[in-house]
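Take a look at the letters that make up each chain.
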Amino acid sequence: MKIAIIGAGAVGLFLAASCQKAGQSVTVFTRTEASASVINKEGITLTGRMSNITPVEAKHELNENETFDLVIVAVKSYHVSNVLKQFKLLWQKGCSWLFVQNGMDHLEELTAIPSSVYLGVMEYGLYKHDHRAVVDVRGIGQLKMAVYRNKQVSSSNKEVETLFPFSNLNVVWMDGYQKMLEDKLVVNVCINPLTAILQVKNGELRTNPIYQKEMHAYFIEVMNVLERGDMEQMWEYVLSVCLKTAANESSMLVDLKRGRKLELDAIVGYVLKRGHEKRIGTPKLTNAYEQLVGSSV
Ligand SMILES: NC(=O)C1=CN([C@@H]2O[C@H](COP(=O)(O)OP(=O)(O)OC[C@H]3O[C@@H](n4cnc5c(N)ncnc54)[C@H](OP(=O)(O)O)[C@@H]3O)[C@@H](O)[C@H]2O)C=CC1
Ligand SMILES: CC(C)(CO)C(=O)C(=O)O
């Protein structure tokens, strides 16, 4: 199976190494020539909870005649729109697409793709070292997957599963994408902005009672806006992700430290917008948004 992975960040490199190790033919598309050359020279190194070096092909540009069975888009949500334009050549070639972004903002962009589209949520804690193709696997959770739109003859999950070479990851197929993404949104609203504001690892939100109380206040607001009743179950879920990714710095904290744009609109901004439409107050999240928006480039 030929797989294109767009984005050589923490998630893209991790998935590229995992697919290549599972015996697939992987090409990683990078934003710069320099990143492609590092991967071609050094391969992808996983450290921490997984440890291996995998040779993977990387390119900076798509060749007109190339085609793939599966295209995995592993860029930040605010880059999805650009990537879709840049890789439009692949739209009509019948490739299946998998998007693994946090947040809910990118969904509208996906309606234009004429072939099958799948969504994934990563509950792994992954940290990419700057300027190197090295990813520290700091937390192992699940990779949840769901069908967004299926153009295959059958949409049975069993058949769809065979499309994805992730036998070495903990993949769980979900019945619907909406709840899957919303559940992850709750997790990211609780973990990402607070770890960025406090500059702490995910695990500290669980072990420090003062931080946990603050996180619970964020949790109540997002659950109210999403009109979710499964409070106990979801709070357990949030705490379980804090535990599984305890040693990780959230992607928002990493971006903040590196002076990169934060995925603030896709995560907190989305909840503020829904809250505003429904006239449901979100004072804590509004305050978090305002604190962080100033630090976002
Ligand atoms: N890291 C984690 O632990 C987790 C992350 N996620 C989510 O996964 C998604 C990806 O996150 P993550 O891997 O951490 O992000 P990173 O910022 O580490 O990686 C994104 C990569 O995409 C590249 N990119 C941007 N635009 C293009 C383009 N047009 N063509 C090719 N490459 C491009 C960037 O290049 P450049 O660096 O050159 O700008 C960067 O290397 C996010 O939505 C995140 O929220 C979900 C769960 C866990
Ligand atoms: C799962 C978690 C919270 C891991 O840090 C994440 O999604 C992120 O950092 O964006």
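Model, not experiment: these values are computed from the prediction. (Residues numbered from 1 in each chain as written. Chains lettered and ligands numbered in written order. Predicted model: local features only at pLDDT ≥ 70, side-chain atom pairs only at ≥ 80, totals over all residues. Heavy atoms only, no water.)

Here we take up the packing of aromatic side chains. Overall, the coordinates contain 7 aromatic pairs when judged by the stated rule. Centroid distance F219 to W235: 5.0 Å. Interplanar angle 55°. Geometry classified as tilted. Remark: W235 occurs in helix α8 (residues 231-244) and F219 occurs in helix α7 (residues 209-225); sequence separation between them is 16 residues. Classification of W235 by relative accessible area gives buried; the value is 13%. (Phe/Tyr/Trp six-rings, centres within 6.5 Å; stacked < 30°, edge-to-face > 60°. Helix = DSSP H or I, 4+ residues; strand = E, 2+ residues; numbered from the N terminus. Buried < 20%, exposed > 50% of the residue type's maximum accessible area, 1.4 Å probe, protein only.)

Take the site of ligand 2 next. Around ligand 2 sit N102, Y124, K184, N188, N192, N202, N248, S250 and S251, and that is every residue in its neighbourhood. N188 places a polar side-chain atom, nitrogen or oxygen, 3.0 Å from an oxygen atom of ligand 2. Between ligand 2 and S251, the relevant distance is 2.5 Å, taken from an oxygen atom to a side-chain nitrogen or oxygen of the residue. When ligand 2 sits alone it has 280 Å² of accessible area, and the protein chains cover 95% of it. The greatest single-element share of the shell around ligand 2, amounting to 3 residues, is contributed by helix α5 (residues 177-198). Across the shell around ligand 2, the residue classes break down as 1 nonpolar, 7 polar and 1 charged. (Near = heavy atom within 4 Å. Polar contact = N/O pair within 3.5 Å; in protein donor to acceptor, adjacent residues only side chain to side chain. Areas by Shrake-Rupley, 256 points an atom, 1.4 Å probe, with all protein chains shown as cover. Nonpolar A, V, L, I, M, F, W, Y, C, P; charged D, E, K, R; others polar.)

Burial of strand β9 (residues 125-128) is two-sided: the residues G125 and Y127 facing one way and the residues L126 and K128 facing the other way are all buried. In sequence, β9 turns back onto strand β10 (residues 134-139) through a hairpin of 5 residues, with H131 there showing a positive phi of about 60°. (Pairing = 2+ DSSP bridges.)

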